[in-house]
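Below, each chain spelled out in residue letters.
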Amino acid sequence: MSYIAVVGAGIIGVTIAFELQRRGRNVVLIDKDAPGMGASYGNMASIAVTEFMPASRPSIWSQMPKWLIDPEGPVRIRPSYLPKLAPWFLRFLEASRPARVRELEAAGAVLCRRVYEDLDVLLENTSLTHMLSPEGCLSLYAGEAEFKADRAHIEVLERFGFRYEVLVGNAIRDLEPALATKISRAVLFPDNRSVADPYRLVVALAEKFQALGGRIETGEVVGFEEGDGSVTAVRLKDGRRIPAAGTVLCAGAYTGRLSGLLGEPIPLETERGYHTQIMSPGVSMRHSIIWPARAFMVTPTAGGIRVGGTVEMAGLDAPADYRRAKVLVKRAKEALPDLRVDDASEWMGHRPALPDTVPVIGPSAKHRGIFYATGHGHLGLTYAATTARLIGDLVMGVEPPIDLKPYRVNRF
Ligand SMILES: Cc1cc2nc3c(=O)[nH]c(=O)nc-3n(C[C@H](O)[C@H](O)[C@H](O)COP(=O)(O)OP(=O)(O)OC[C@H]3O[C@@H](n4cnc5c(N)ncnc54)[C@H](O)[C@@H]3O)c2cc1C
């Protein structure tokens, strides 16, 4: 039997594996751990269709010096990691040219516009529609100055036709009574819905994949075998080899290590993020909230609320620094004064981050039968169904519904 190997069982990998199996291919999904234990375990659960703007945009640059000197700021670079980060950072700089920012905004918007078209089909096909909340996300502002500072974001959304609604004063607390009165303005993004538990979603998709006959193998991929110009098998650390007629590499922040083995470097970094899961928060919420000036997010999840965010550049191997999670909770209490944090757990995950923010979705430029789906950064959950649809088309030899040039692997 000829197999397609999907390497990495995060939200991207399980969704691709399900989609390919559904479309009639025999798929083997390979992960060194159980499905969903990477970044997809603890993300903020948001289908964040309004957050596609590149991180290299001017409004981020202008705040960067202030953020970097503040130990509690939303972006932290560990000094010892700076030399390793330099090549990625130079590409990040390159992605900040105004003309390039416009292109990257358009590339992100094209994906975000498709999100529900693909996600609704995925959730219907897997009978998991109940995992998606109907409520949107509120962006919070303590006063006019904060609101004005976020104007560029709203302007981009207007340009690409995304929905939003401005709320003032008590109209905000009519929607979320637990919010502090200092929140005098808010913007409701009705299409930024959330899932009840992103980890459970991965597990449920993996189960649906298996129910269709899909195979899961536990093992770390350490190499590839080639013959006749294409990759014919995947090699595992324990010595096993898994023959494959095609291979999709979607190992999150680790995909760069695998593409490196194939002589196809991808400038992938990890933007480490943190969450605190609070099981008895003492406040109840229907919408998720973000507070741009304080750079945190709170999402109501199955059995509690989750507080998270932040970007820490320190590589894949450095231990977690949970002070960053605690800062986020401190800030969340400014928005939710009655928030209690007695019954809580902390977590750190590796966002797979490319210097130009847009993911890589497409075939290898060097090897027949290799496909990449990685670098989804802050939007892997958001983009998962769309990525699976596009990779599904490529593997099946069908013309994808959008031009995949902006997402090509050899654009750097
Ligand atoms: C704090 C935080 C909040 C976030 N919030 C959101 C949000 O609200 N909305 C959103 O859309 N996104 C969010 N994200 C981003 C999102 O979580 C990621 O983009 C997404 O999980 C990436 O999925 P993935 O499948 O590519 O990677 P992962 O989930 O990391 O999966 C990669 C898998 O590959 C496996 N692997 C790695 N190397 C190998 C190997 N050599 N052999 C075998 N297996 C291997 C790993 O074990 C892992 O299971 C957030 C991220 C963080 C950290």
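Here, every reference points to the structure presented above.
Parameters and conventions
- Residues numbered from 1 in each chain as written.
- Predicted model: local features only at pLDDT ≥ 70, side-chain atom pairs only at ≥ 80, totals over all residues.
- Pairing = 2+ DSSP bridges.
- Helix = DSSP H or I, 4+ residues; strand = E, 2+ residues; numbered from the N terminus.
- Axes fitted to C-alpha atoms, helices over the stretch in contact; angles between N-to-C directions.
- Buried ≥ 20, exposed ≤ 12 C-beta atoms within 10 Å, placed from the backbone.
- Near = placed C-beta within 6 Å.
- Nonpolar A, V, L, I, M, F, W, Y, C, P; charged D, E, K, R; others polar.
- Right-handed = clockwise from strand over helix to strand, strands pointing away.
- Core = buried A, V, L, I, M, F, W, Y, C linked by C-beta atoms within 7 Å.
- Contact = placed C-beta atoms within 7 Å.
- Parallel < 35°, antiparallel > 145°, perpendicular 65-115°, else oblique.
- Left-handed = near helix turned anticlockwise from the far one by under 90°.
- Expected span 1.5 Å × (residues − 1).

### Side note on the sheet that holds strand β11 (residues 246-249)
- With mixed pairing, six strands are arranged side by side in an open sheet as β7-β2-β1-β11-β18-β17. Each edge of the open sheet carries a strand with a single partner, namely β7 (215-218) and β17 (360-363). Averaged over all neighbouring strand pairs, the angle between strand axes comes to 20 degrees, with direction disregarded.
- In this structure, strand β2 (residues 26-31) lies alongside β7, joined through four bridges in parallel fashion. Counted as the bridge partner of V28 is R215 from β7.

### Brief notes about the environment of T232
- Following the sequence through the fold, T232 ends up in strand β9 (residues 230-236).
- Exposure remark for T232: the 15 C-beta atoms within 10 Å place this residue in the partly exposed category.
- Each C-alpha atom, one on T232 and one on D356, is 31 Å from the other, the two residues being 124 residues apart in sequence.

### Thoughts on the site of the ligand
- Near the ligand, the surroundings consist of 42 residues, among which G10, G38, G252, G273 and G380 are the closest.
- Those elements that provide at least two residues to the shell around the ligand are α1 (11-22), β2, β12 (269-278), β16 (344-353) and α12 (380-396).
- Class assignment of the residues belonging to the shell around the ligand gives a composition of 19 nonpolar, 18 polar and five charged.

### Some words on the pairing of strand β1 (residues 3-7)
- Taking burial as the measure, the five residues of β1 include four buried ones, the bulk of the element.
- Once you follow β1 into α1 and on to β2, the crossover reads as right-handed.
- Alignment of β1 against β11, held across four bridges, turns out to be parallel. Across the sheet, residue A5 finds its bridge partner in β11, namely T247.

### Digging into the nonpolar core
- Core analysis: the largest hydrophobic core is formed by 106 residues, its most contacted members being V6, V7, V14, I16 and V248.
- In terms of residues, this core owes the most to one element, helix α5 (residues 98-125), which gives nine residues.
- For I16, the residues in contact, after removing those within four places along its chain, are V6, V248, C250, A373, T387, A388 and I391.

### Notes on unusual backbone geometry
- You will see that A45, though not glycine, has its phi angle at about 70 degrees, which is positive.
- Relative to the assigned elements, A45 resides in the loop between β2 and α2 (58-61).
- You will see that D228, though not glycine, has its phi angle at about 60 degrees, which is positive.
- Topologically, D228 is positioned in the loop between β8 (221-227) and β9.

### Quick notes on the environment of E94
- Its place among the elements puts E94 in helix α4 (residues 82-94).
- Looking at E94, the number of C-beta atoms within 10 Å reads 13, which means it is partly exposed.
- Taking the C-alpha atoms as reference points, E94 and S56, separated by 38 residues in sequence, lie 8.6 Å from one another.

### Some points on the packing of α1 against helix α9 (residues 198-211)
- Relative orientation of the contacting elements α1 and α9 amounts to 25 degrees, with a least axis distance of 9 Å. Taken together, the axes of α1 and α9 lie roughly parallel to each other. Handedness of the α1/α9 crossing: left-handed. On α9, the residues that touch I11, V14, T15, A17, F18 and Q21 of α1 are P198, L201, V202, L205, A206, K208 and F209.
- The residue inventory of the contact of α1 with α9, partitioned by class, reads ten nonpolar, two polar and one charged.

### With respect to α12
- Counted at 1.5 Å a residue, the expected span for α12 with its 17 residues is 24 Å, and the 23 Å between its end C-alpha atoms agrees.
- When you tally the buried positions in α12, you get 14 out of 17 residues, the bulk of the element.
- G397 sits one or two positions beyond α12 and adopts a positive phi of about 75 degrees.

### So, the sheet that holds strand β10 (residues 241-243)
- Across the sheet, which stays open at both edges, the three strands sit in the order β8-β9-β10 with antiparallel pairing between neighbours. This sheet does not close on itself; its edge strands, each paired only once, are β8 and β10. Strand-to-strand, the axes of this sheet are offset by a mean angle of 30 degrees, without reference to chain direction.
- Bridging between β8 and β9 involves six bridges; their strand directions are antiparallel. Opposite G223, over in β9, you have R235 as the bridge partner.

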